[in-house]
Amino acid sequence: MPSNKLLLILNLFLLFILSANSAAQQINAVAPQKLSLDVSDELAELLGFQFAQIVFVDSRNGKKVLLMNQHAEMEKAADSAVLKKISSITVAGVTGIKGYEFCNYINIDARTDLICRQINQDTRASSGDKFIPAELAQKLESMLAKASGIDDFKIGFVLASNVENGQFELLRHSEYTFIDSNLPMTVTGITSNSSWSVENK
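Residues numbered from 1 in each chain as written. Predicted model: local features only at pLDDT ≥ 70, side-chain atom pairs only at ≥ 80, totals over all residues. Heavy atoms only, no water.

### Some remarks on the environment of Ile119
Link 1 in the chain: Among the secondary structure elements, Ile119 is positioned in the loop between strand S6 (111-118) and strand S7 (131-132).
Link 2 in the chain: Ile119 gets classed as partly exposed once you look at its relative accessible area, which sits at 35%. (Helix = DSSP H or I, 4+ residues; strand = E, 2+ residues; numbered from the N terminus. Buried < 20%, exposed > 50% of the residue type's maximum accessible area, 1.4 Å probe, protein only.)

### Here we look at helix H2 (residues 37-47)
Link 1 in the chain: What H2 keeps buried is the set Val39, Ser40, Leu43, Ala44 and Leu47. Each buried residue of H2 sits inside an arc of 135 degrees when the element is viewed along its axis, so together they form one side.
Link 2 in the chain: Directly beyond the C-terminal end of H2, a positive phi value near 90 degrees is found at Gly48. (Arc of directions from axis to C-beta.)

### Re the pairing of strand S2 (residues 51-57)
For a regular strand, side-chain orientation follows a simple rule: the groups alternate between the two sheet faces.
Link 1 in the chain: In terms of burial, S2 is a largely internal element, five of the seven residues being buried.
Link 2 in the chain: Looking at chain direction, S2 and strand S8 (residues 157-162) are connected through five bridges and run antiparallel. Bridge pairing links Phe51 to Asn162 in S8.
Link 3 in the chain: Relative to strand S3 (residues 64-68), S2 runs antiparallel, the two sharing five bridges. Bridging from a neighbouring strand, Phe56 pairs with Val65 of S3.
Link 4 in the chain: Here S2 folds back onto S3, and the loop between the two strands holds six residues, one of which, Gly62, carries a positive phi near 80 degrees. (Pairing = 2+ DSSP bridges.)

### Re the packing of H2 against helix H4 (residues 134-148)
Link 1 in the chain: The interhelical angle for the contact between H2 and H4, taken along N-to-C directions, is 135 degrees, at an axis separation of 12 Å. As the angle between them shows, H2 and H4 are arranged oblique. Handedness of the crossing formed by H2 with H4: left-handed. Only Leu136, Lys139, Leu140 and Met143 of H4 make contact with H2, whose side of the interface consists of Asp38, Val39, Glu42, Leu43 and Leu46.
Link 2 in the chain: Classifying every residue of the contact of H2 with H4 gives six nonpolar, no polar and three charged. (Axes fitted to C-alpha atoms, helices over the stretch in contact; angles between N-to-C directions. Parallel < 35°, antiparallel > 145°, perpendicular 65-115°, else oblique. Left-handed = near helix turned anticlockwise from the far one by under 90°. Contact = heavy atoms within 4.5 Å. Nonpolar A, V, L, I, M, F, W, Y, C, P; charged D, E, K, R; others polar.)

In C-alpha cells:
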C-alpha cells in the first residue's frame, strides 16, 4: 500500500512538472514579436501617432496577433512603470447582417463600432476614417502568418493605442467598412468572442 501512495505522489509530481513546462512554452510562444522599423513608421504615419503595441485581428475567425513597435521599445524611459490608463477591449464576431460578411462588434472603453466586409462589392471607403491600403496589408499579412504560425491570416482591422494618452484607434482594412453599430441588432449568431485589457504606461 505505501508503495502505491509513493507511486501516485511521483506521478502527480511528474504531471505538475510537465504541465508547468507546457504552460511556460505557451507563454513563450505568444510573446510579442517586433515589427520592422520601416513598417512601424508606416503604421505610425497612417495612425497619426506613435504606438507601443498593435493588435491585428482576422475578422473571419477572431484570430489576433500582437506585435511591438521597435521605436517604442527603444525609447522606453526608466520611469515608464507609471500606469496611465487601462483599457478594456471586447471583440465579437457576428453573422446574419444583410449584405455583409465577416462582421465584428468592437467595444473599447464603452465605445462600440461594427465593422464588416460588404458582399459583392469592390473596395469602398467609409467617410472620414483611415484604412490600411491593400499593398501594406499584404506585406503585413505575410509577417503575421509567420508570427502566428497560421498559413492564412487576413487582416480585418487593427487596434492600436496612442503612447501619449492611451486612446485607441481602430484602423480597418480597405475591404471593410464601418456600419451602424446601434444595439439591439438582429444577428444569426456569434462566431467568435474575446476580451482582454491593455495597460498604457
